[in-house]
Structures are given as C-alpha cells and as structure tokens.
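# Examining the three-dimensional arrangement
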Amino acid sequence: MSFASETKNELARLDVDKKSCMLSEIAAYIRTSADIELYPDGSYMIELETDQAAVARHMKKLVKEYFAVDCDLEVYEGGGVGRNRKASGNSYHLILGRQERAEQILRECGIVRIRGGRDYLYDGIYDELLKAKADRKAYLRGAFLGTGTMSDPAKSYHLEFAIRTEGVANDLRKVINSFTDMQAKVVKRGSRYVVYMKKADYVSDILAIMGASGSMLRMEDIRIKKGLVSTAKREINCDSANLDRAVDTAMRQVEAIRKIADLRGLKSLDPKLREAAELRLEHPDATIAALGEMCDPPLKKSGINGRLRKIEEIALKMRQSETLY
C-alpha cells in the first residue's frame, strides 16, 4: 500500500463528533470526487467513487449521521478509479439519489446554489463551511480523501489535490494558506487544477492539520533518517576532499625538496629547513601534525607548515632563475 493510501486509511478511521466538521468533510469529499447528474425532472443524483473500502465506509457513516440518509454502496471488482480504471482491486460507489435527498445535500454543502431563479453549480467553496478552524481542518481532510495524493517521503516531498475547477482550486489554496506558515500553490495540469506543496515542512504540517498524526510521525522518522544519511555522506566527502588536498600538498612539497636537492643540495638549506625537508622525504605520507612531532624539538602544525612553505618558495625561485637563463 502506498504512503498516500495509508494516510487515507488513517484519516478514514478518525471519529468526527462535531456536526459542522461532518458537513465540511462531506462537502469537500463530494466537491472533489463526485459525479453529479441533473435529471430532466429536476432531481439530482450524486455518485461518489473510491478504491478504498475504509474511505467508502467512513463517508457512508458520515452521511448517515449528518443527513440521516443511508446511501447505497455498490462494489465493482477490478474496476479501479478514475484514470486507473484498468487497475486491479475493487472500486466502491456511494449513490445518493432523490430518495437520499441528493438535492438537499448539494444545497447544504454549498455546491448547488440559486441565481436568477435557476440552479447552478457554484465554482468555489461555501464560506459557511469554513467558519471555525476545526471546520477548515475537516474540509482539507475530506478533500484529501476525495482527490489527495502524496509521494513516498523516502523519495521526495510532494502532496497535492487534483481539482476539477479553477475556482475551487484557488479557494482550497486559500484554506491551506489560512494556517500558520503554510504555503500552497496552484498549477494547471491537463484538465485539472492542482493545489500542491513540495516543501517537507508544509507536507508534514498539513498531515498534522488533517489529523493524520501517524503518517506525520512516519514521515518525520523518514526525514530524520535521511538527514543522518545525508550528514554522513557530507562528512565522508569532506574527509575524502581533505585527504586529497593533503596528498596533493605532500607531493608538491616532495617535488620542491627534490628540486633543491638536484640543483643545490639539501645542505644549502638552513638546518631547520633541512630537517623539515629530510623528514618530508623520509615520510611522504605523514600528516603535517605527525611531521611536527618528529622534529627536534617537536613543532606545532603552524611551525612545520611555515618551514615547508619556505622550502617551496626557495624551489619556486630556483625554477624562475632557470627560466631566466
């Protein structure tokens, strides 16, 4: 089961006690996942589709508790949902018709409204559903159950809602951004308007806002492990880079010392410089700190470094003299 499916299963098992939260969640689910038909006689039919049994049971329970309606549940084997209709597994369809008061449900959810004496489908989110913070959380939960998806946090951080209309997408973005330090964006992808978040903190926060605390904790655990691995890799790369620089420096120093030895001999050097040169030749793989400890008396890193730099300067002047003549 994908991380998104696990999250939906967790959300579908939450108990919703507050009536306004029930309505907000039902409205969001209908808005994001329903097919709505208007018959010639003016009656409506709502069909809700999902590929998860837990989500179907949850919505059936909410509708019954809030509207006192027991909607029909039909199960199709191997049907898939939406773009995945050829996928294996069952699809679950909740049907609300005239007997289940579909028109009343649509009106109370703010989906069907009246203008000029005629019904129309409202392209936006009904403000009455978003009055309290708990209601906004419930709306996001219903929207995620209806059309939400997210990537596996082990691979990337991305959570999105694929919405049918631009008005609803923009309103949903505003709902998300009404929470502290949240920032969602909208982009058109094919025939859908996608409300999305790609920052890890946003994805983690919205899981907590919707009530998916288990998924949020799993994601944070993955983030911590990824952070530890990333830190270890950086340290290894840093150690490797430092080693490469140390080897290059030692080779350069050995080359400078041999140049002096060939042209003038090491006896031409000051005794302190000669000691450093001979130690470097004898121990080309030794660290600067180790070379310093070998000196008599022992030197700190800055001391032995200074002597070796002086040797390189002498060798450079010799090369320049060769070039001139």
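For the structure itself, look to the data block above.
Residues numbered from 1 in each chain as written. Predicted model: local features only at pLDDT ≥ 70, side-chain atom pairs only at ≥ 80, totals over all residues. Heavy atoms only, no water.

### Notes on the overall build of the protein chain
Heads up, the condition is: In this text, helices come from DSSP runs of H or I with a minimum length of four residues, and strands from runs of E with a minimum of two, each type numbered from the N-terminal end. The globule rule is 2.2 Å times the number of residues to the power 0.38, and the radius of gyration it is compared with is taken over C-alpha atoms. Think of it in three bands: with a 1.4 Å probe and only protein chains considered, a residue is buried below 20% of the maximum accessible area for its type, exposed above 50%, and partly exposed in between. For this analysis, residues touch if any pair of their heavy atoms sits within 4.5 Å. For every accessible area listed, the method is Shrake-Rupley and the probe measures 1.4 Å; residues are considered covered only by the protein chains on display. Only four residue types enter the tally: Lys and Arg on the positive side, Asp and Glu on the negative side; His and the chain ends are excluded. To locate a charge, take NZ of a lysine, CZ of an arginine, CG of an aspartate or CD of a glutamate.
Secondary structure assignment for the protein chain yields eleven helices and ten strands. Relative to a compact globule of 325 residues, whose C-alpha radius of gyration would be 20 Å, the protein chain shows 35 Å and is clearly more extended. Each principal axis of the C-alpha distribution contributes one length, and for the protein chain these read about 110 × 40 × 35 Å. The proportion of buried residues among the 325 residues of the protein chain is 43%. Within the protein chain, counting contacts between residues at least 6 apart in sequence, those at least 24 apart form 61% of the total. Within the structure as shown, the protein chain displays about 18,100 Å² of accessible surface, and the carbon and sulfur contribution to it stands at 50%. A distance of 4 Å separates the average location of the 55 positive side-chain charges in the protein chain from that of its 49 negative side-chain charges.

### Side note on empty space enclosed by the protein
The following threshold applies: For cavity detection a 1 Å grid was placed over the protein atoms alone, and a set of points counts as a cavity when a 1.4 Å probe fits there but cannot get out; an open set counts as a pocket when protein lies on both sides within 12 Å along at least five of seven lines, with lining residues being those that have an atom within 4 Å of a point. Grid points are joined across faces, edges and corners, and a volume is the space filled by probe spheres set on the points. The residue classification treats Ala, Val, Leu, Ile, Met, Phe, Trp, Tyr, Cys and Pro as nonpolar and Asp, Glu, Lys and Arg as charged. All others, Gly included, are polar.
The final tally for this structure, using the stated rule, is one cavity of 30 Å³ or more. There is about 30 Å³ of room inside the largest cavity. Ala27, Arg31, Cys109, Gly110, Ile111, Gly124, Ile125, Tyr126, Leu129 and Tyr139 are the residues that line the largest cavity. Grouping the constituent residues of the lining of the largest cavity by class yields seven nonpolar, two polar and one charged.

### Quick notes on the packing of helix 2 (residues 19–33) against helix 3 (residues 53–67)
Condition: Angular values range over 0 to 180 degrees, each being the angle between N-to-C directions of two axes fitted as lines to C-alpha atoms, with helices fitted over their stretch in contact. Each angle receives one of four descriptions, namely roughly parallel if under 35 degrees, roughly antiparallel if over 145, roughly perpendicular if within 65 to 115, and oblique otherwise. Here is the rule for handedness: rotate from the far helix to the near one, and if that takes an anticlockwise turn smaller than a right angle the crossing is left-handed, while a clockwise turn gives right-handed.
One way to put it is that helix 2 packs onto helix 3 with a least axis distance of 10 Å and a crossing angle of 130°. Viewed along their axes, helix 2 and helix 3 adopt a mutual orientation that is oblique. Handedness of the helix 2/helix 3 crossing: left-handed. Contacts between helix 2 and helix 3 involve Lys19, Met22, Leu23, Glu25, Ile26 and Tyr29 from the first element and Val55, His58, Met59, Leu62, Val63, Glu65, Tyr66 and Phe67 from the second. Here the residues of the contact of helix 2 with helix 3 sort into ten nonpolar, one polar and three charged.

### Structural notes on the pairing of strand 10 (residues 192–197)
For clarity, the threshold we go by: A strand pair is defined by DSSP finding two or more bridges across the two strands.
Along strand 10, five of the six residues are buried, which leaves the element largely enclosed by surrounding structure. With five bridges connecting them, strand 8 (residues 159–163) and strand 10 associate as antiparallel partners. Across the sheet, the residue bridging to Glu160 is Tyr196, located in strand 10. The antiparallel hairpin formed by strand 9 (residues 185–189) and strand 10 contains two residues in its connecting segment, where Gly190 sits at a positive phi of about 65°.

### Section: helix 6 (residues 166–177)
We apply this condition: Multiply 1.5 Å by the residue count of a helix minus one, and that product is the helix's expected span.
Taking 1.5 Å per residue, twelve residues should reach 16 Å; helix 6 reaches 16 Å between its end C-alpha atoms and fits that length. Buried within helix 6 are the following residues: Gly167, Val168, Ala169, Asp171, Leu172, Val175 and Ile176. Close packing links the buried residues of helix 6 with helix 2, helix 5 (133–147), strand 8, strand 9, strand 10 and helix 7 (200–210).

As far as function goes, none of this settles anything; it's purely spatial.
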